[in-house]
Amino acid sequence: METTQQVFCVRCGSADTRVTRLDPTSAEGTCFRCDNKPFHATPCQNCGGFRIDGSSGVPGIRFENPPENVKCQDCGHRNPLRDPGPEETAGAL
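Predicted model only: the values in this text are computed from it and were never measured.

So, how was this worked out
Residues numbered from 1 in each chain as written. Predicted model: local features only at pLDDT ≥ 70, side-chain atom pairs only at ≥ 80, totals over all residues. Heavy atoms only, no water. pLDDT = per-residue confidence, 0-100. Contact = heavy atoms within 4.5 Å. Pairing = 2+ DSSP bridges. Helix = DSSP H or I, 4+ residues; strand = E, 2+ residues; numbered from the N terminus. Axes fitted to C-alpha atoms, helices over the stretch in contact; angles between N-to-C directions. Core = buried A, V, L, I, M, F, W, Y, C linked by side-chain atoms within 4.5 Å. Buried < 20%, exposed > 50% of the residue type's maximum accessible area, 1.4 Å probe, protein only. Salt bridge = Lys/Arg side-chain N within 4 Å of Asp/Glu carboxyl O.

1. Observations regarding the confidence of the model for the protein chain
The predicted coordinates ought not to be read in detail in places where the model reports low pLDDT.
Here comes step 1: For the protein chain, per-residue confidence averages 79 on the pLDDT scale, and 73% of positions sit at 70 or higher.
Here comes step 2: Here residues 88-93 is modelled with pLDDT under 50, and outside its nearest four sequence neighbours on either side it reaches four contacts, counting other chains as well.

Shown next as structure tokens:
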């Protein structure tokens with residue numbers, strides 16, 4: 001199965017990201033939809049891709065009630081929800 005080098009935002013699931021570091025074990029970048037907030041992503045446990053659903057698929061919005069796992073768009077595997085990192089304005093949205 002072929003995976004892409006695209007990295008989805010961990011907060012919102014947007015593909016509108018700027019990746020600053022990418023290797024097989026993690027990726028770092030910022031999301032344009034989340035006001036350039038930084039994130040740290042881990043790859044899918046099944047295929048190694050970084051196109052994994054974010055919090056709710058709504059740019060800039062986090063889950064109100066987080067699920068236990070989120071779906072990889074490359075292979076469909078359900079991965080544990082990842083922490084996107086500190087929120088500078090927690091609760092602002």
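2. Description of the sheet that holds strand β2 (residues 26-31)
Here comes step 1: Taking strand neighbours across the sheet as the criterion, the three strands line up as β1-β2-β3 in an open arrangement whose pairing is antiparallel. In this open sheet, the two strands that pair with only one neighbour each are β1 (17-23) and β3 (37-41). The sheet shows a mean angle of 15 degrees between the axes of neighbouring strands, taken without regard to direction.
Here comes step 2: Note: β2 against β3, five bridges, orientation antiparallel. Pairing of G29 across the sheet is with F39, part of β3.

3. What about the nonpolar core?
Here comes step 1: Core analysis: the biggest nonpolar cluster contains 10 residues, these being V7, C9, V10, C12, A27, C31, C34, F39, A41 and F50.
Here comes step 2: Every element with two or more residues in this core is listed here: β2 and β3.
Here comes step 3: If we ignore the near neighbours within four places in the chain, the residues touching C31 are C9, C12, S14, D16, T17, N36, K37 and F39.

4. A word on the pattern of salt bridges
Here comes step 1: Under the counting rule described, the total for this entry stands at four salt bridges.
Here comes step 2: When the shortest N-O distance is used, the salt bridge between D74 and R51 registers 2.7 Å. In this pair, D74 sits in the loop between β4 (69-71) and β5 (78-80) while R51 sits in the loop between β3 and β4, placing the two residues 23 residues apart along the sequence.
Here comes step 3: Look at the salt bridges and you will find they share partners, linking R21, D23 and E28 into a network.

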